[in-house]
Amino acid sequence: MGRDGFVVPGDIQLASKKKTAVSSWVLMNDNGESTILDVDKYVIMRRVHIHARDLRILDPLLSYPSTILGRERAIVLNLEHIKAIITADEVLLRDPMDDNVIPIVEELQRRLPAVSTSFQGQGEEEDLGAQNDAEAAEENEFPFEFRALEVALEAICSFLDARTRELETAAYPALDELTSKISSRNLDRVRKLKSAMTRLTNRVQKVRDELEQLLDDDDDMADLYLSRKLTRASSSSSGSGAPLWFLASPTIGSRISRTSRASAVTTHEENDVEELEMLLEAYFMQIDGTLNKLSTLREYIDDTEDYINIQLDNHRNQLIQLELFLSSGTVCLSIYSLVAAIFGMNIPYTWRNDHGYMFKWVVILSGMACASIFLSIISYARGKGLVGS
């Protein structure tokens, strides 16, 4: 099985399905040509020379965090729905029929082919200048693996930013409606939006942490320079011949022949990761801006919750005031009822003869005393700040 083409006979494919699970991949070379592959994991492992533990990271049935791993001959990429393996001359993307993956496949087909610039001139000097420019552009060509990595990073950053904008569009009106009217419907709506925001924040944070961890380690970034490692390996093996997996790819062979003039690079130049660092910093800033949007939304939700709690506390205080009024009035009425009941009992006493007017004044004075007690309680509560003025 060569690296240029891939054919799975029907009987072999049927046998492989019986032994191991078959997954769908799309293979794209540096010319933007794509091929759908239905193969098992062992075929992928032999093709890109990675271990099973690295391929397990791309299993959609397993929950692995966002990861960008640099291996000897491949980059293992797991960013949300983007699960890809990038080599020096091809990209393997899992689940190509997924709705979220189809735009990435189209973008890879558009951007993976190297840009060819045609120069036209009438004089020999113009032809010579055009030839020099073409050679410089060829030597400074952005590596294939970085072009594929850039498409993946741009896709995931745009995807998460779009989800953030959708959440903002739904959250801010819901929060404003909740502040104007506190109801079970509005509270449940905001609760669902807050849960969605928490999940999205975790997804964005994982991607951001992976990019930050990669930027902090120059060795990890150096592992992503697949073309540089191919050039280095070709220089070291020039006397004994190139490995078989070099010769299997005409693209890699042509790239090695182009870079053979620069085989005597210094150690500092080999460890230079400025090109990749600038690429990662750009998308790190973009994903960090998305995370800042979510942080701003969380602060707005927290402010809304504080405002609602203040309103609920105000309503609770009003209920306490009402309870205080009712309790005070009940105490005063109880005292008045007690006095009236005592003097209203139908018990014959001699001292009641010719003193009926006194009982009237007692009832009147007791009513005035109860009213005074009620007003005193209210004044004391206001002085202590228990009720509003």
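Scoring rules and cut-offs
Residues numbered from 1 in each chain as written. Predicted model: local features only at pLDDT ≥ 70, side-chain atom pairs only at ≥ 80, totals over all residues. Heavy atoms only, no water. Patch = residues over 30% accessible without salt bridge, like charges linked within 9 Å, V, L, I, M, F, W, Y side chains within 5 Å. Areas by Shrake-Rupley, 256 points an atom, 1.4 Å probe, with all protein chains shown as cover. Salt bridge = Lys/Arg side-chain N within 4 Å of Asp/Glu carboxyl O. Lys, Arg positive; Asp, Glu negative; His and termini not counted. Charge placed at Lys NZ, Arg CZ, Asp CG, Glu CD. Helix = DSSP H or I, 4+ residues; strand = E, 2+ residues; numbered from the N terminus. Buried < 20%, exposed > 50% of the residue type's maximum accessible area, 1.4 Å probe, protein only. Phe/Tyr/Trp six-rings, centres within 6.5 Å; stacked < 30°, edge-to-face > 60°. Lys NZ or Arg CZ within 6 Å of the ring centre and 35° of its normal. Pairing = 2+ DSSP bridges. Core = buried A, V, L, I, M, F, W, Y, C linked by side-chain atoms within 4.5 Å. Contact = heavy atoms within 4.5 Å. Axes fitted to C-alpha atoms, helices over the stretch in contact; angles between N-to-C directions.

Observations concerning a negative patch on the surface
- On the surface, Glu72, Asp218, Asp219 and Asp223 cluster together into a patch of negative charge.
- Looking at the secondary structure, you find Asp223 in helix H8 (residues 218–223).
- Taking the relative accessible area as the measure of exposure, Asp223 reaches 31% and is therefore partly exposed.

Focus on the packing of aromatic side chains
- Counting across every chain of the model gives 2 aromatic pairs.
- A ring pair is formed by Tyr172 and Tyr300, whose centres lie 5.0 Å apart and whose planes are at 70°; its orientation type is edge-to-face. Note that Tyr172 is positioned in helix H6 (residues 144–180) and Tyr300 in helix H13 (residues 274–343), a separation of 128 residues in sequence.
- Its relative accessible area of 31% is what places Tyr300 among the partly exposed residues.
- Here the guanidinium or amino end of Arg163 rests over the ring plane of Phe159, the centre of that ring lying 4.6 Å away.

Considering the pairing of strand E3 (residues 67–70)
- Direction of pairing for E3 relative to strand E4 (residues 75–79): antiparallel, over a ladder of 4 bridges. By the bridge assignment, Gly70 is partnered in E4 with Ile75.
- Counted between consecutive antiparallel strands, the loop separating E3 from E4 contains 4 residues.

Brief notes about a nonpolar patch on the surface
- A grouping of Trp361, Ile364, Leu365 and Met368 is seen on the molecular surface, where their side chains present a nonpolar patch of about 460 Å² in accessible area.
- Looking at the element boundaries, Met368 is found in helix H14 (residues 356–383).
- The exposure class assigned to Met368 is exposed, which follows from its relative accessible area of 52%.

Looking at the nonpolar core
- Core analysis: the biggest nonpolar cluster contains 60 residues, and Ile68, Leu77, Ile82, Leu93, Leu108 and Leu276 have the highest contact counts within it.
- Among residues more than four places away in sequence, those in contact with Leu93 are Ser24, Trp25, Val26, Ile82, Lys83, Ala84, Val101, Ile104, Val105 and Leu108.
- Membership of the second largest hydrophobic core comes to 15 residues, among which are Leu37, Val39, Val43 and Val76.

Describing the pattern of salt bridges
- If you walk through the whole model with that rule in mind, you get 19 salt bridges.
- For Asp161, the salt bridge goes to Lys293, with nearest N and O atoms at 3.1 Å. In this pair, Asp161 is assigned in helix H6 and Lys293 in helix H13, connecting sequence segments 132 residues apart.
- For Asp161, a relative accessible area of 12% translates into the label buried.
- Given a relative accessible area of 31%, Lys293 falls into the partly exposed group.

Observations regarding the environment of Cys332
- Mapping Cys332 onto the fold places it in helix H13.
- It is 4.8 Å that separates the C-alpha atoms of Cys332 and Cys370, two residues lying 38 residues apart in sequence.
- The residues touching Cys332, leaving out its near neighbours within four places in the chain, are Cys370, Ile373 and Phe374.

Quick notes on the sheet that holds E4
- Within the open sheet, the 6 strands sit side by side as E2-E1-E6-E5-E4-E3. Their pairing is antiparallel. Strands with a single pairing partner mark the edges of an open sheet, and in this sheet they are strand E2 (34–39) and E3. Averaged over all adjacent pairs, the angle separating strand axes in this sheet is 20°, with direction ignored.
- As paired strands, strand E5 (residues 82–86) and strand E6 (residues 90–94) are joined by 3 bridges and run antiparallel to one another. What sits directly across from Ala84, in E6, is Leu93.

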